[in-house]
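The primary structure of each chain is shown beneath.
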Amino acid sequence: QVQPVESGGGLVQPGGSLRLSCAASGNIFSIYAMGWYRQAPGKQREVVATIIGGGNTNYADSVKGRFTISRDNAKNTVDLQMKSLKPEDTAVYYCKADLAQVQGRRRDYWGQGTQVTVSS
């Protein structure tokens, strides 16, 4: 079973930076896309940034220019560099991997989440 594992969350002051990392380990045939999502208390989970195998990226409007997603295909990892953090960025951040363990069986795998708190 594949289990993406996130790391790097924590408490940071407004205007500060954090880097989240996610590693997908296990028996993997192919990874098609990886991404970061977040869920704030009382709100629905939303997409933050995604990256596909070719390197194309997409960002939520609220994080454009502040967050950067990157991926290491050889290591099956995806990072999220977050700068100029705002209190409204406070949420649990989840990593998602769109992958197949065997050819033809593609599905999403979610990590357990890591808390990011932006507060003075």
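This write-up is about the structure you can find in this document. In this text, all values refer to a predicted model and were calculated from it rather than measured experimentally. (Residues numbered from 1 in each chain as written. Predicted model: local features only at pLDDT ≥ 70, side-chain atom pairs only at ≥ 80, totals over all residues. Heavy atoms only, no water.)

### Quick word on the overall build of the protein chain
(1) Moving on: When helices and strands are tallied, the protein chain shows zero helices and 11 strands.
(2) Moving on: From first element to last, N terminus to C terminus, the protein chain shows the α and β order β-β-β-β-β-β-β-β-β-β-β.
(3) Moving on: Taken along the three principal axes of its C-alpha coordinates, the protein chain extends 45 × 25 × 25 Å.
(4) Moving on: Pairs at least 24 apart in sequence give 55% of the contacts found in the protein chain among residues at least 6 apart.
(5) Moving on: Here the protein chain has roughly 6,500 Å² of accessible surface; of this, 45% comes from carbon and sulfur atoms.
(6) Moving on: Each charge sign in the protein chain was given a centre, from 14 positive and 9 negative side chains, and these centres are 2 Å apart. (Helix = DSSP H or I, 4+ residues; strand = E, 2+ residues; numbered from the N terminus. Contact = heavy atoms within 4.5 Å. Areas by Shrake-Rupley, 256 points an atom, 1.4 Å probe, with all protein chains shown as cover. Lys, Arg positive; Asp, Glu negative; His and termini not counted. Charge placed at Lys NZ, Arg CZ, Asp CG, Glu CD.)

### Observations regarding the environment of Gly54
(1) Moving on: Structurally, Gly54 can be placed in the loop between β5 (46-52) and β6 (57-59).
(2) Moving on: Given a relative accessible area of 75%, Gly54 falls into the exposed group.
(3) Moving on: For the pair Gly54 and Pro87, spaced 33 residues apart in sequence, the C-alpha to C-alpha distance is 32 Å. (Buried < 20%, exposed > 50% of the residue type's maximum accessible area, 1.4 Å probe, protein only.)

### Observations concerning the sheet that holds strand β1 (residues 3-7)
Adjacent strands of a sheet pair through backbone hydrogen bonds, lying either parallel or antiparallel.
(1) Moving on: Read across the sheet, four strands follow the order β1-β3-β8-β7 without closing on themselves; strand pairing throughout is antiparallel. At either end of the open sheet lies a strand with only one pairing partner, and these are β1 and β7 (67-72). Between one strand and the next, the sheet's axes are offset by a mean angle of 15°, whatever the strand orientation.
(2) Moving on: One ladder, built from six bridges, connects β7 with strand β8 (residues 77-82); its direction is antiparallel. The residue of β8 that forms the bridge with Phe67 is Met82. (Pairing = 2+ DSSP bridges. Axes fitted to C-alpha atoms, helices over the stretch in contact; angles between N-to-C directions.)

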